[in-house]
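Listed here are the chains, written in short residue letters.
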Amino acid sequence: MRSYDMNEMTITSAQYVSVGLVENASIRATIDGQELFVPLDPANRHYAEIMRQVEAGTLTIQEAE
Amino acid sequence: MSKARQLADLGNVYDDGALSNRNMVVNGGMTVSQRGNSTGVTGAGYYGPDRYRFTVGSAGVGTYTISQDTDAPSGFGYSYKIDCTTADASPDATDAVFIATRFEGQDLQRLKKGTADAASVTLSFWVKSNLTGTYQANLFDLDNTRIIGSTYTISVAGTWEYKTITFAGDTSGAFSNDNGLSLQVEWALDGGTSYTSGAVPTSWEATSNADRAAGLTVNLADSTSNYWQITGVQLEVGDTATPFEHRSYGDELARCQRYFRQLKKEDANDYPFIRYHQSVNSYLGNVKLFPPMRAAPTGSLTLVQSSNAIHKPSVRWDTVSSATFGTSPYHVDLEIAPSTNDGLNSIALYMYGYKIFADAEL
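Everything numeric here is computed off the predicted structure, so don't read it as measured data. (Residues numbered from 1 in each chain as written. Chains lettered and ligands numbered in written order. Predicted model: local features only at pLDDT ≥ 70, side-chain atom pairs only at ≥ 80, totals over all residues. Heavy atoms only, no water.)

Before we move on, could you go through the overall build of chain A and cite the residues and values that matter?
Each helix and strand in chain A was counted, giving 1 helix and 3 strands. Burial statistics for chain A: of 65 residues in total, 46% are counted as buried. Sequence-distant contacts, at least 24 apart, represent 33% of the contacts inside chain A between residues at least 6 apart. About 3,400 Å² of surface is accessible on chain A, with carbon and sulfur atoms providing 47% of the total. (Helix = DSSP H or I, 4+ residues; strand = E, 2+ residues; numbered from the N terminus. Buried < 20%, exposed > 50% of the residue type's maximum accessible area, 1.4 Å probe, protein only. Contact = heavy atoms within 4.5 Å. Areas by Shrake-Rupley, 256 points an atom, 1.4 Å probe, with all protein chains shown as cover.)

Could you give an account of the sheet that holds strand β8 (residues 133–141) of chain B, with specific residues and numbers?
Residue and element names in this part refer to chain B. Read from one edge of the open sheet, 7 strands run β2-β3-β6-β11-β8-β9-β12, paired in antiparallel fashion. Two strands lie at the open edges of the sheet, namely β2 (45–46) and β12 (205–206), each paired on one side alone. Direction of pairing for strand β3 (residues 53–56) relative to strand β6 (residues 96–104): antiparallel, over a ladder of 4 bridges. Opposite T55, over in β6, you have F98 as the bridge partner. (Pairing = 2+ DSSP bridges.)

Could you give an account of the environment of V25 of chain B, naming the residues involved and the relevant values?
All names here are of chain B. On the secondary structure map, V25 appears in the loop between α1 (3–15) and β1 (38–41). Separated by 135 residues in the primary sequence, V25 and W160 place their C-alpha atoms 20 Å from one another. Look past the residues within four positions of V25 in its chain and what remains in contact with it is Y52, F103, V233, Q234, L235 and R247.

So what's going on with the nonpolar core? Which residues, and what values?
Where a protein is soluble and globular, its nonpolar side chains tend to be buried together. Residues and elements named next belong to chain B. One finds F54, Y64, I82, Y152, W187, W228 and L235 to be the most contacted residues of the largest nonpolar core, which totals 54 residues. Excluding residues within four positions of it along the chain, Y152 makes contact with F125, V127, G133, T134, Y135, Q136, A137, K163, I165, W187 and W228. Grouped together as the second largest cluster of nonpolar side chains are 19 residues, I310, F325, M351 and A358 included. (Core = buried A, V, L, I, M, F, W, Y, C linked by side-chain atoms within 4.5 Å.)

Quick one: what's the story with the side chain of S79 of chain B, residue by residue and with numbers?
Residue and element names in this part refer to chain B. Within the element layout of this structure, S79 appears in strand β5 (residues 79–86). What makes S79 buried here is its relative accessible area of 0%. At 2.7 Å, the side chain of S79 forms a polar contact with the backbone oxygen of D71. Leave out the neighbours within four places in its chain, and S79 touches M30, P49, S67, Q68, D69, D71, A72, W160, Q229, I230 and T231. (Polar contact = N/O pair within 3.5 Å; in protein donor to acceptor, adjacent residues only side chain to side chain.)

Tell me about the side chain of S282 of chain B, residues and numbers included.
Along the chain, S282 of chain B turns up in the loop between β15 (274–276) and β16 (283–288). Classification of S282 of chain B as buried rests on a relative accessible area of 6%.

Give a description of the sheet that holds β5 of chain B that names residues and reports values.
All names here are of chain B. Within the open sheet, the 6 strands sit side by side as β1-β4-β5-β13-β7-β10. Their pairing is antiparallel. The open sheet has two edge strands, β1 and β10 (161–167), and neither has a second partner. For this sheet, the mean inter-axis angle between neighbouring strands, taken without regard to orientation, is 25°. Bridge count for strand β4 (residues 63–69) against β5 is 7 bridges, and the pairing is antiparallel. What sits directly across from S67, in β5, is K81. (Axes fitted to C-alpha atoms, helices over the stretch in contact; angles between N-to-C directions.)

Provide a residue-level description of the environment of Q136 of chain B, including the pertinent values.
Residues and elements named next belong to chain B. Among the structural elements, Q136 can be located in strand β8. Distance from Q136 to G215, taken between C-alpha atoms, is 5.7 Å for residues 79 residues apart in sequence. Within polar-contact distance, the side chain of Q136 engages the side chain of N138 at 2.8 Å.

So what's going on with the interface of chain A and chain B? Which residues, and what values?
Contacts between the two partners involve 23 residues from chain A and, on the opposite side, 42 residues from chain B. Buried area between chain A and chain B, summed over both chains or domains, comes out near 2,400 Å², and the portion from carbon and sulfur atoms is 45%. Seen at the junction of chain A and chain B, the total is 1 salt bridge. The residue R45 of chain A makes a salt bridge to D359 of chain B at a minimum N-O spacing of 2.8 Å. Applying the counting rule to chain A against chain B returns 9 residue pairs in polar contact (both at pLDDT 80 or more). The set of elements that each furnish at least two residues to the side of chain A that touches chain B consists of β1 (11–19), β2 (22–31), β3 (34–39) and α1 (45–55) of chain A. When residues of the side of chain A that touches chain B are assigned to their parent elements, the largest contribution, 6 residues, is made by β3 of chain A. The residue makeup of the side of chain A that touches chain B, split by class, is 10 nonpolar, 6 polar and 7 charged. (Buried area = accessible area lost by both parts, 1.4 Å probe. Salt bridge = Lys/Arg side-chain N within 4 Å of Asp/Glu carboxyl O. Nonpolar A, V, L, I, M, F, W, Y, C, P; charged D, E, K, R; others polar.)

Lay out the pattern of salt bridges in plain terms, naming residues and giving numbers.
All names here are of chain B. All told, the structure shown has 17 salt bridges over all chains when counted by the stated rule. Ionic pairing is found between D141 and K113, a salt bridge with its closest N-O pair at 2.6 Å. Here the residue D141 occupies a position in strand β8, and K113 occupies one in the loop between β6 and β7 (121–129), the gap between them amounting to 28 residues. For the residue pair D141 and K113, the accessibility class agrees, reading buried in each case. Among the charged side chains, a network of salt bridges with common partners joins K113, D141, R146 and D170.

Structure follows, in C-alpha coordinates:
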(Lines give C-alpha, C1' and ligand atoms only; values in the text may rest on other atoms or scores of the structure.)
Protein backbone atom coordinates (compact mmCIF):
# COMPACT_ATOMS: atom_id res chain seq x y z
CA MET A 1 0.00 0.00 0.00
CA ARG A 2 1.87 3.03 -1.25
CA SER A 3 -0.74 5.66 -0.57
CA TYR A 4 -0.30 5.61 3.21
CA ASP A 5 1.18 9.08 3.55
CA MET A 6 0.64 10.56 0.12
CA ASN A 7 -2.24 12.80 1.14
CA GLU A 8 0.16 15.68 1.61
CA MET A 9 -0.41 17.67 -1.61
CA THR A 10 -2.93 20.43 -2.14
CA ILE A 11 -3.94 20.31 -5.82
CA THR A 12 -6.10 23.23 -6.91
CA SER A 13 -6.17 22.72 -10.68
CA ALA A 14 -5.25 20.15 -13.32
CA GLN A 15 -5.45 20.31 -17.12
CA TYR A 16 -3.99 18.20 -19.93
CA VAL A 17 -1.55 20.06 -22.19
CA SER A 18 0.09 19.32 -25.52
CA VAL A 19 3.79 19.75 -26.10
CA GLY A 20 5.01 19.94 -29.66
CA LEU A 21 3.10 17.36 -31.67
CA VAL A 22 2.24 15.25 -28.65
CA GLU A 23 -1.32 15.70 -27.44
CA ASN A 24 -2.01 15.25 -23.72
CA ALA A 25 1.71 15.08 -23.11
CA SER A 26 1.40 16.07 -19.48
CA ILE A 27 -0.89 17.65 -16.89
CA ARG A 28 -0.47 21.28 -15.96
CA ALA A 29 -1.30 21.28 -12.24
CA THR A 30 -1.12 23.73 -9.40
CA ILE A 31 0.28 21.74 -6.50
CA ASP A 32 0.96 23.39 -3.17
CA GLY A 33 0.69 26.74 -4.94
CA GLN A 34 3.26 25.97 -7.64
CA GLU A 35 2.64 25.40 -11.35
CA LEU A 36 4.03 21.97 -12.26
CA PHE A 37 3.92 19.84 -15.40
CA VAL A 38 3.21 16.28 -14.40
CA PRO A 39 3.92 13.37 -16.79
CA LEU A 40 1.42 10.55 -17.21
CA ASP A 41 3.68 8.09 -15.42
CA PRO A 42 2.26 6.05 -12.54
CA ALA A 43 5.72 6.00 -10.95
CA ASN A 44 5.68 9.80 -10.69
CA ARG A 45 4.47 10.75 -7.23
CA HIS A 46 2.59 13.84 -8.40
CA TYR A 47 0.72 11.84 -11.06
CA ALA A 48 -0.08 9.10 -8.55
CA GLU A 49 -1.58 11.67 -6.19
CA ILE A 50 -3.55 13.38 -9.00
CA MET A 51 -5.06 10.04 -10.00
CA ARG A 52 -5.80 9.18 -6.37
CA GLN A 53 -7.74 12.41 -6.00
CA VAL A 54 -9.50 11.89 -9.34
CA GLU A 55 -10.59 8.41 -8.27
CA ALA A 56 -11.74 9.83 -4.94
CA GLY A 57 -13.89 12.32 -6.83
CA THR A 58 -12.16 15.36 -5.35
CA LEU A 59 -10.31 16.47 -8.51
CA THR A 60 -11.17 16.70 -12.20
CA ILE A 61 -8.57 16.96 -14.97
CA GLN A 62 -9.70 19.51 -17.55
CA GLU A 63 -9.35 18.73 -21.26
CA ALA A 64 -6.58 20.42 -23.22
CA GLU A 65 -7.42 23.77 -24.82
CA MET B 1 38.26 0.06 19.45
CA SER B 2 40.77 -2.79 19.41
CA LYS B 3 42.22 -4.21 16.21
CA ALA B 4 40.67 -7.56 17.10
CA ARG B 5 37.27 -5.92 17.32
CA GLN B 6 37.81 -4.14 14.01
CA LEU B 7 38.79 -7.40 12.31
CA ALA B 8 35.77 -9.13 13.78
CA ASP B 9 33.50 -6.35 12.49
CA LEU B 10 35.12 -6.58 9.08
CA GLY B 11 34.42 -10.29 9.08
CA ASN B 12 30.80 -9.65 9.94
CA VAL B 13 30.47 -7.17 7.10
CA TYR B 14 32.01 -9.68 4.69
CA ASP B 15 29.54 -12.32 5.86
CA ASP B 16 26.72 -9.85 5.27
CA GLY B 17 27.86 -9.49 1.68
CA ALA B 18 29.17 -5.96 1.30
CA LEU B 19 32.66 -4.56 1.67
CA SER B 20 31.85 -1.72 -0.71
CA ASN B 21 28.53 -0.09 -1.57
CA ARG B 22 27.50 -0.97 1.96
CA ASN B 23 25.59 2.24 2.49
CA MET B 24 22.14 2.13 0.93
CA VAL B 25 21.54 5.81 1.79
CA VAL B 26 22.07 8.39 -0.96
CA ASN B 27 23.68 11.65 0.17
CA GLY B 28 24.27 10.41 3.71
CA GLY B 29 27.00 13.01 4.14
CA MET B 30 24.69 15.86 2.98
CA THR B 31 27.23 16.95 0.36
CA VAL B 32 24.67 17.58 -2.41
CA SER B 33 22.05 20.32 -2.10
CA GLN B 34 20.68 21.14 -5.56
CA ARG B 35 17.60 22.96 -4.26
CA GLY B 36 19.48 25.15 -1.84
CA ASN B 37 18.25 26.27 1.55
CA SER B 38 14.58 27.00 2.29
CA THR B 39 12.93 29.34 4.77
CA GLY B 40 9.32 29.44 5.95
CA VAL B 41 8.85 25.69 5.57
CA THR B 42 5.52 24.42 6.94
CA GLY B 43 4.36 21.70 4.56
CA ALA B 44 5.71 18.39 3.30
CA GLY B 45 8.31 18.40 0.56
CA TYR B 46 11.98 18.26 -0.31
CA TYR B 47 14.12 21.12 1.01
CA GLY B 48 17.83 21.58 1.60
CA PRO B 49 20.19 18.63 1.06
CA ASP B 50 19.04 16.18 -1.61
CA ARG B 51 17.05 13.04 -0.83
CA TYR B 52 15.69 14.17 2.56
CA ARG B 53 11.99 14.78 2.80
CA PHE B 54 10.30 17.02 5.32
CA THR B 55 7.30 14.85 6.13
CA VAL B 56 4.28 15.85 8.14
CA GLY B 57 1.24 14.15 9.62
CA SER B 58 -2.14 15.41 8.50
CA ALA B 59 -0.50 18.79 9.03
CA GLY B 60 2.84 20.10 10.16
CA VAL B 61 3.53 22.04 13.31
CA GLY B 62 5.77 25.10 13.52
CA THR B 63 7.72 26.88 10.78
CA TYR B 64 11.28 26.02 9.84
CA THR B 65 14.41 26.91 7.96
CA ILE B 66 15.97 23.84 6.37
CA SER B 67 19.57 24.14 5.23
CA GLN B 68 22.83 22.48 4.29
CA ASP B 69 25.00 23.61 7.21
CA THR B 70 28.78 23.58 7.41
CA ASP B 71 28.62 22.63 11.08
CA ALA B 72 29.45 18.92 11.08
CA PRO B 73 31.43 16.35 13.06
CA SER B 74 35.08 15.71 12.24
CA GLY B 75 35.45 14.10 8.83
CA PHE B 76 32.26 15.57 7.40
CA GLY B 77 31.77 18.84 5.52
CA TYR B 78 28.04 19.33 5.90
CA SER B 79 24.96 18.49 7.89
CA TYR B 80 21.22 18.75 7.31
CA LYS B 81 19.82 21.35 9.70
CA ILE B 82 16.20 22.06 10.60
CA ASP B 83 15.77 25.21 12.65
CA CYS B 84 12.43 26.23 14.21
CA THR B 85 11.60 29.85 13.32
CA THR B 86 7.97 30.02 14.45
CA ALA B 87 7.04 28.00 17.51
CA ASP B 88 3.88 26.02 18.21
CA ALA B 89 4.07 24.35 21.58
CA SER B 90 0.60 22.84 21.34
CA PRO B 91 0.37 20.53 18.34
CA ASP B 92 -3.04 19.35 17.27
CA ALA B 93 -3.59 15.61 17.60
CA THR B 94 -2.82 14.89 13.94
CA ASP B 95 0.15 17.26 13.60
CA ALA B 96 3.59 15.74 13.24
CA VAL B 97 7.06 16.45 11.83
CA PHE B 98 9.39 13.78 10.46
CA ILE B 99 12.55 13.89 8.38
CA ALA B 100 12.75 10.91 6.04
CA THR B 101 14.84 9.42 3.26
CA ARG B 102 13.17 7.04 0.83
CA PHE B 103 14.24 3.93 -1.10
CA GLU B 104 13.23 2.08 -4.25
CA GLY B 105 12.24 -1.54 -3.75
CA GLN B 106 14.73 -2.77 -6.34
CA ASP B 107 17.55 -1.38 -4.20
CA LEU B 108 16.39 -3.27 -1.11
CA GLN B 109 16.31 -6.85 -2.34
CA ARG B 110 19.50 -7.61 -0.39
CA LEU B 111 17.41 -7.34 2.80
CA LYS B 112 15.51 -10.51 1.80
CA LYS B 113 12.47 -9.04 3.50
CA GLY B 114 9.47 -11.32 3.62
CA THR B 115 11.55 -14.50 3.64
CA ALA B 116 12.79 -16.82 6.34
CA ASP B 117 16.28 -15.43 5.69
CA ALA B 118 15.34 -11.78 6.25
CA ALA B 119 18.43 -9.78 7.16
CA SER B 120 18.85 -7.38 10.03
CA VAL B 121 19.93 -3.84 9.12
CA THR B 122 21.87 -1.24 11.03
CA LEU B 123 21.23 2.49 10.88
CA SER B 124 23.99 4.84 12.02
CA PHE B 125 24.17 8.63 12.03
CA TRP B 126 25.60 11.69 13.74
CA VAL B 127 23.06 13.97 15.38
CA LYS B 128 23.10 17.27 17.26
CA SER B 129 20.42 19.40 18.90
CA ASN B 130 19.94 21.92 21.67
CA LEU B 131 17.08 19.69 22.85
CA THR B 132 18.27 16.80 25.00
CA GLY B 133 15.93 13.89 25.47
CA THR B 134 14.59 10.79 23.81
CA TYR B 135 13.91 10.68 20.08
CA GLN B 136 12.63 7.96 17.75
CA ALA B 137 13.72 6.59 14.38
CA ASN B 138 11.70 4.10 12.31
CA LEU B 139 11.94 1.89 9.25
CA PHE B 140 8.59 2.29 7.51
CA ASP B 141 7.75 -0.35 4.87
CA LEU B 142 5.29 1.40 2.54
CA ASP B 143 4.76 -1.67 0.35
CA ASN B 144 3.22 -3.64 3.18
CA THR B 145 2.40 -0.88 5.71
CA ARG B 146 4.70 -2.31 8.34
CA ILE B 147 7.04 -0.57 10.73
CA ILE B 148 9.81 -1.10 13.25
CA GLY B 149 11.34 1.61 15.40
CA SER B 150 13.72 2.44 18.18
CA THR B 151 14.46 5.33 20.46
CA TYR B 152 17.81 7.09 20.74
CA THR B 153 18.93 9.71 23.22
CA ILE B 154 20.60 13.05 22.71
CA SER B 155 22.47 13.42 25.98
CA VAL B 156 24.36 16.68 25.68
CA ALA B 157 22.96 19.87 24.17
CA GLY B 158 24.80 21.33 21.20
CA THR B 159 27.21 18.40 20.80
CA TRP B 160 27.58 15.93 17.94
CA GLU B 161 26.74 12.40 19.06
CA TYR B 162 27.06 9.14 17.09
CA LYS B 163 24.08 6.79 17.19
CA THR B 164 23.64 3.23 15.93
CA ILE B 165 20.44 1.22 15.82
CA THR B 166 20.10 -2.38 14.62
CA PHE B 167 16.70 -3.47 13.39
CA ALA B 168 15.69 -7.12 13.11
CA GLY B 169 14.86 -8.61 9.72
CA ASP B 170 11.21 -8.97 8.80
CA THR B 171 10.00 -12.36 7.63
CA SER B 172 6.69 -10.86 6.47
CA GLY B 173 6.01 -8.61 3.52
CA ALA B 174 8.50 -8.62 0.65
CA PHE B 175 9.54 -5.35 -1.00
CA SER B 176 8.39 -4.91 -4.60
CA ASN B 177 11.32 -5.36 -6.96
CA ASP B 178 10.75 -2.18 -8.95
CA ASN B 179 11.43 1.56 -9.05
CA GLY B 180 8.60 2.50 -6.70
CA LEU B 181 8.65 3.68 -3.11
CA SER B 182 9.12 0.77 -0.72
CA LEU B 183 10.82 2.00 2.42
CA GLN B 184 11.50 5.19 4.29
CA VAL B 185 13.84 5.75 7.20
CA GLU B 186 12.20 8.41 9.31
CA TRP B 187 13.26 10.46 12.31
CA ALA B 188 10.36 11.77 14.42
CA LEU B 189 10.85 15.32 15.72
CA ASP B 190 7.40 16.43 16.84
CA GLY B 191 3.95 14.96 17.07
CA GLY B 192 0.44 15.27 18.44
CA THR B 193 -1.33 12.48 20.26
CA SER B 194 -2.29 10.70 17.04
CA TYR B 195 1.44 9.96 16.65
CA THR B 196 2.55 9.66 20.27
CA SER B 197 -0.21 7.79 22.09
CA GLY B 198 0.93 4.27 21.17
CA ALA B 199 4.10 2.33 21.94
CA VAL B 200 7.47 2.27 20.21
CA PRO B 201 7.30 -0.58 17.64
CA THR B 202 10.40 -2.47 18.77
CA SER B 203 9.55 -5.40 16.50
CA TRP B 204 7.98 -5.40 13.04
CA GLU B 205 4.23 -4.77 13.16
CA ALA B 206 1.39 -3.38 11.08
CA THR B 207 1.91 0.37 10.98
CA SER B 208 -0.02 2.40 13.48
CA ASN B 209 0.47 6.16 13.36
CA ALA B 210 0.14 6.21 17.15
CA ASP B 211 3.43 4.31 17.40
CA ARG B 212 5.53 6.38 14.99
CA ALA B 213 6.56 9.00 17.54
CA ALA B 214 5.55 7.24 20.77
CA GLY B 215 9.08 7.44 22.17
CA LEU B 216 9.49 11.21 21.73
CA THR B 217 10.03 13.23 24.89
CA VAL B 218 10.79 16.44 22.99
CA ASN B 219 8.91 18.69 20.59
CA LEU B 220 11.03 20.52 18.05
CA ALA B 221 8.34 23.16 17.50
CA ASP B 222 7.99 24.26 21.09
CA SER B 223 10.62 27.03 20.88
CA THR B 224 12.35 29.11 18.24
CA SER B 225 15.60 28.22 20.01
CA ASN B 226 15.27 24.62 18.79
CA TYR B 227 17.25 23.00 16.01
CA TRP B 228 18.15 19.44 14.98
CA GLN B 229 21.05 18.44 12.72
CA ILE B 230 22.05 15.13 11.16
CA THR B 231 24.80 13.78 8.91
CA GLY B 232 26.78 10.61 8.26
CA VAL B 233 23.60 8.63 7.68
CA GLN B 234 24.27 5.00 6.82
CA LEU B 235 21.93 2.02 6.43
CA GLU B 236 23.65 -1.31 5.91
CA VAL B 237 22.88 -5.00 6.06
CA GLY B 238 23.83 -6.80 9.26
CA ASP B 239 24.11 -6.00 12.93
CA THR B 240 27.34 -4.00 12.73
CA ALA B 241 27.68 -0.27 12.17
CA THR B 242 30.80 0.12 10.05
CA PRO B 243 32.59 3.46 9.47
CA PHE B 244 30.68 5.82 7.17
CA GLU B 245 31.24 5.00 3.50
CA HIS B 246 32.34 8.32 2.00
CA ARG B 247 31.74 8.82 -1.71
CA SER B 248 33.10 11.46 -4.06
CA TYR B 249 30.94 14.52 -4.71
CA GLY B 250 30.52 13.46 -8.34
CA ASP B 251 29.38 9.99 -7.37
CA GLU B 252 26.90 11.33 -4.84
CA LEU B 253 25.59 13.98 -7.26
CA ALA B 254 24.96 11.35 -9.94
CA ARG B 255 23.02 9.25 -7.45
CA CYS B 256 20.94 12.27 -6.41
CA GLN B 257 20.23 13.18 -10.04
CA ARG B 258 18.32 9.94 -10.50
CA TYR B 259 15.66 11.68 -8.39
CA PHE B 260 16.06 15.42 -8.97
CA ARG B 261 17.91 17.69 -11.39
CA GLN B 262 18.40 21.37 -11.83
CA LEU B 263 18.90 21.57 -15.56
CA LYS B 264 19.84 25.22 -15.91
CA LYS B 265 21.16 27.82 -13.61
CA GLU B 266 20.26 31.47 -13.59
CA ASP B 267 23.62 32.57 -14.99
CA ALA B 268 23.28 35.52 -17.36
CA ASN B 269 25.16 33.81 -20.17
CA ASP B 270 23.43 30.46 -20.32
CA TYR B 271 23.60 28.91 -23.72
CA PRO B 272 20.32 28.84 -25.65
CA PHE B 273 18.55 25.55 -26.13
CA ILE B 274 15.22 26.64 -27.56
CA ARG B 275 14.80 26.20 -31.29
CA TYR B 276 12.09 26.81 -33.83
CA HIS B 277 9.11 24.48 -33.72
CA GLN B 278 6.49 23.71 -36.38
CA SER B 279 4.03 26.50 -35.65
CA VAL B 280 4.56 30.23 -35.56
CA ASN B 281 5.37 31.61 -32.13
CA SER B 282 6.02 28.15 -30.72
CA TYR B 283 9.55 27.05 -29.85
CA LEU B 284 10.60 23.64 -28.63
CA GLY B 285 13.72 22.74 -26.69
CA ASN B 286 14.95 19.34 -25.64
CA VAL B 287 17.35 18.29 -22.93
CA LYS B 288 18.61 14.72 -22.74
CA LEU B 289 18.72 13.10 -19.33
CA PHE B 290 21.71 10.83 -19.02
CA PRO B 291 21.75 8.63 -17.11
CA PRO B 292 17.96 8.44 -17.10
CA MET B 293 15.95 9.43 -14.08
CA ARG B 294 13.99 7.05 -11.85
CA ALA B 295 10.69 7.88 -13.58
CA ALA B 296 9.37 10.58 -15.89
CA PRO B 297 10.03 13.73 -13.88
CA THR B 298 7.66 16.54 -13.05
CA GLY B 299 8.89 19.68 -14.83
CA SER B 300 8.82 23.25 -13.63
CA LEU B 301 10.25 26.52 -14.88
CA THR B 302 11.37 29.42 -12.73
CA LEU B 303 12.20 32.69 -14.45
CA VAL B 304 14.88 34.51 -12.53
CA GLN B 305 14.42 37.55 -14.78
CA SER B 306 10.91 38.05 -16.15
CA SER B 307 11.88 40.85 -18.51
CA ASN B 308 14.34 40.09 -21.29
CA ALA B 309 13.97 36.37 -20.65
CA ILE B 310 13.80 35.74 -24.39
CA HIS B 311 16.01 37.06 -27.17
CA LYS B 312 15.16 36.73 -30.83
CA PRO B 313 18.39 37.84 -32.49
CA SER B 314 18.00 40.95 -34.64
CA VAL B 315 14.28 41.07 -33.76
CA ARG B 316 13.56 41.82 -30.12
CA TRP B 317 13.91 40.96 -26.47
CA ASP B 318 10.73 39.53 -25.07
CA THR B 319 9.02 37.88 -22.15
CA VAL B 320 7.52 34.39 -21.78
CA SER B 321 3.79 34.07 -22.43
CA SER B 322 3.51 30.38 -21.62
CA ALA B 323 5.69 27.34 -21.11
CA THR B 324 4.73 23.67 -21.13
CA PHE B 325 6.73 20.53 -20.36
CA GLY B 326 6.64 16.98 -21.63
CA THR B 327 9.04 14.51 -20.01
CA SER B 328 10.20 10.93 -19.91
CA PRO B 329 12.96 9.36 -17.82
CA TYR B 330 15.25 10.08 -20.79
CA HIS B 331 14.45 13.64 -21.80
CA VAL B 332 12.69 16.90 -21.03
CA ASP B 333 10.84 18.80 -23.75
CA LEU B 334 9.97 22.45 -23.13
CA GLU B 335 7.69 24.42 -25.43
CA ILE B 336 7.83 28.21 -25.12
CA ALA B 337 5.48 30.86 -26.46
CA PRO B 338 6.94 34.38 -26.41
CA SER B 339 4.61 37.24 -25.50
CA THR B 340 5.04 38.83 -28.94
CA ASN B 341 4.03 36.95 -32.07
CA ASP B 342 6.24 38.37 -34.81
CA GLY B 343 4.85 36.10 -37.49
CA LEU B 344 8.36 34.84 -38.11
CA ASN B 345 8.94 31.15 -38.53
CA SER B 346 12.61 30.60 -39.09
CA ILE B 347 14.53 32.02 -36.19
CA ALA B 348 16.14 30.58 -33.13
CA LEU B 349 15.16 31.77 -29.70
CA TYR B 350 17.52 32.28 -26.79
CA MET B 351 16.50 32.20 -23.15
CA TYR B 352 18.23 33.91 -20.27
CA GLY B 353 17.90 33.79 -16.55
CA TYR B 354 15.87 30.69 -15.81
CA LYS B 355 15.92 27.44 -13.91
CA ILE B 356 14.36 24.18 -14.96
CA PHE B 357 13.69 21.56 -12.33
CA ALA B 358 13.02 17.90 -13.08
CA ASP B 359 11.63 16.03 -10.08
CA ALA B 360 11.33 12.25 -9.93
CA GLU B 361 11.58 11.92 -6.16
CA LEU B 362 9.88 9.05 -4.40
